[in-house]
Structure formats: C-alpha cells, structure tokens
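Residue strings, one per chain:
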Amino acid sequence: LTSTVEGDETPVVVHHEKGQESQTTIALKPGLSTQVSEQMVKPGAPLTDEIKVWDTADTKFTITAKLYGLADPGENRQCSTLTNAVWERMIAEGTAKVLGEETIVVDKGDGTYTTKGITLPADATGCATWWEQADFEGSESSTIITEYGIVEETATVLNPVVTTVAHHEYDYAGSLFTDTI
C-alpha cells in the first residue's frame, strides 16, 4: 500500500497485515425465492406469496409483488406447462392481467416476508402466477427479478362442476333408474 500526505509529494510506504477488517470487503449477491400459499385454490380465496431473501448485507430494500392471471392451462390442465415466454406473451397481449400488486419495504435484514394476499375473483378459473422484483437501495446492480410461471409461485384456480346424465328421460314405476356422474 502506498500513500501520500496532502501537500507532500513524497510517497510513503505503509505496511499492514493482509485481511484486516478495515480493509476487507465481502461481496454478497442477494438471493430471492418464493412459494405460493396454495398450489390449488378455489375461486374467491386469498392467495399469498412467501418471499425469502438472503445475503442482503442488512441493506434496505423494496419488494414489488404482482399476481398475474388468469391463464388457460390448455388441454392438459397443467399450469406448469406455461413457461416464462408464454406468460410474457399473454401479458403483452392482455390475456393475462395484473390481479393485484403489493409492495413490501424491508428496513434491513435477510428473512422471510409474506404478502398480505390478493383475493381471487369469485368466478375465477385458470392459472395465476406471482412475479417479484426486489430493489436494493444504493445499488443499481442489485435488482432481482423473478420469471413468470415458476412452479413454486403458480397456482391453479379450480371451480369443480359436477354434471349428471340420466339414462332414461322417462321410466316405469319399479324399474331401475340410473344416473351417470
């Protein structure tokens, strides 16, 4: 380490031991993972997202969480087949919309944070997925954005319907009458 004193052009060599706390920086890369409250949910129910963050170096940060939906799961009725690219296209086309948005301000610290929850429409069916963005104060390079459609943050909204078909419209008293469900 070489140092100069202001006003003096003569360099001064300073010796110190390596790894002193005052001269050591730990580079952390913050991480984020999420888990939707229910993988299968009924229409009209609230849906929350649990967000875990780590390696934040106790900095202040803001999490923006948006719930998108409702997307048609297709013939196979599996929301897991809707990839990030498919969700991006549906959002751009307007077939998947923001169902709700929440902001969580964290003063400091790693930990687990849960959204307050967004109530799904009473007539909802299809796929809903959470998307998050975490912005860390003081650093443009410390923004984490999740992809759309990650299985752990996607729920299937089902409204089961039972229909029946009578085998005969009319029948005689005492005959066997059946119904198919």
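The preceding data block contains the structure.
The sections below set out a description of the structure shown in this document. (Residues numbered from 1 in each chain as written. Predicted model: local features only at pLDDT ≥ 70, side-chain atom pairs only at ≥ 80, totals over all residues. Heavy atoms only, no water.)

So, the pattern of salt bridges
At step 1: Scanning the entire structure with this criterion turns up one salt bridge.
At step 2: The partner of R89 in a salt bridge is E93, with the nearest N and O atoms 3.4 Å apart. Residue R89 and its partner E93 are located together in helix α1 (residues 84-93), separated by four residues, close to a single helical turn.
At step 3: For R89, a relative accessible area of 44% puts it in the partly exposed group. (Salt bridge = Lys/Arg side-chain N within 4 Å of Asp/Glu carboxyl O. Helix = DSSP H or I, 4+ residues; strand = E, 2+ residues; numbered from the N terminus. Buried < 20%, exposed > 50% of the residue type's maximum accessible area, 1.4 Å probe, protein only.)

A short note on the packing of aromatic side chains
At step 1: Applying the stated criterion to the full structure yields four aromatic pairs.
At step 2: Centroid distance Y68 to Y148: 5.3 Å. Interplanar angle 90 degrees. Geometry classified as edge-to-face. Placement of Y68 in strand β7 (residues 61-71) and of Y148 in the loop between β12 (143-145) and β13 (154-157) is noted, with a sequence separation of 80 residues between them. Considered together, Y68 and Y148 belong to a single accessibility category, that of buried residues.
At step 3: A network of ring pairs unites the aromatic residues F61, Y113 and F136 as a single cluster. (Phe/Tyr/Trp six-rings, centres within 6.5 Å; stacked < 30°, edge-to-face > 60°.)

Concerning the state of the cysteines
In protein structure, a disulfide is the covalent linkage between the sulfur atoms of two cysteines.
At step 1: What the rule picks out here adds up to one disulfide.
At step 2: One disulfide in the model links C79 with C127; its S-S distance is 2.0 Å. A torsion of -90 degrees about the S-S bond marks the disulfide between C79 and C127 as left-handed. Placement of the pair is C79 in the loop between β7 and α1 and C127 in strand β11 (residues 126-136), with a sequence separation of 48 residues. Side by side, C79 and C127 carry an identical accessibility label, which is buried. (Disulfide = S-S within 2.5 Å.)

Focus on the side chain of E153
At step 1: By the element assignment, E153 lies in the loop between β12 and β13.
At step 2: An unpaired buried charge is present at E153: no salt bridge exists, and K52, the closest side chain of opposite charge, is 13 Å distant.
At step 3: Once you skip the residues sitting within four places of it in the chain, E153 turns out to touch T34, V36, D49, A128, T129, W130, E132, T146 and E147. (Lys, Arg positive; Asp, Glu negative; His and termini not counted. Contact = heavy atoms within 4.5 Å.)

Things to note about the environment of L67
At step 1: Mapped onto the fold, L67 is located in strand β7.
At step 2: On the basis of relative accessible area, L67 is assigned to the buried category, the value being 0%.
At step 3: Considering only alpha carbons, one finds L67 and E101, 34 residues apart in sequence, at a separation of 6.4 Å.
At step 4: Leaving out residues up to four positions away in the same chain, L67 has contacts with L47, K97, V98, L99, G100, I118, L120, A128, T129 and W130.

Quick look at α1
At step 1: All of the buried residues along α1 are N84, W87 and M90. The arc that holds every buried residue of α1, seen down its axis, measures 130 degrees, which confines them to one face. In α1, those exposed residues whose orientation departs by more than 90 degrees from the buried face are A85, A92 and E93.
At step 2: In the core, the buried residues of α1 are packed alongside β7 and β11.
At step 3: Immediately downstream of α1, the backbone of G94 shows phi near 85 degrees, a positive value. (Arc of directions from axis to C-beta.)

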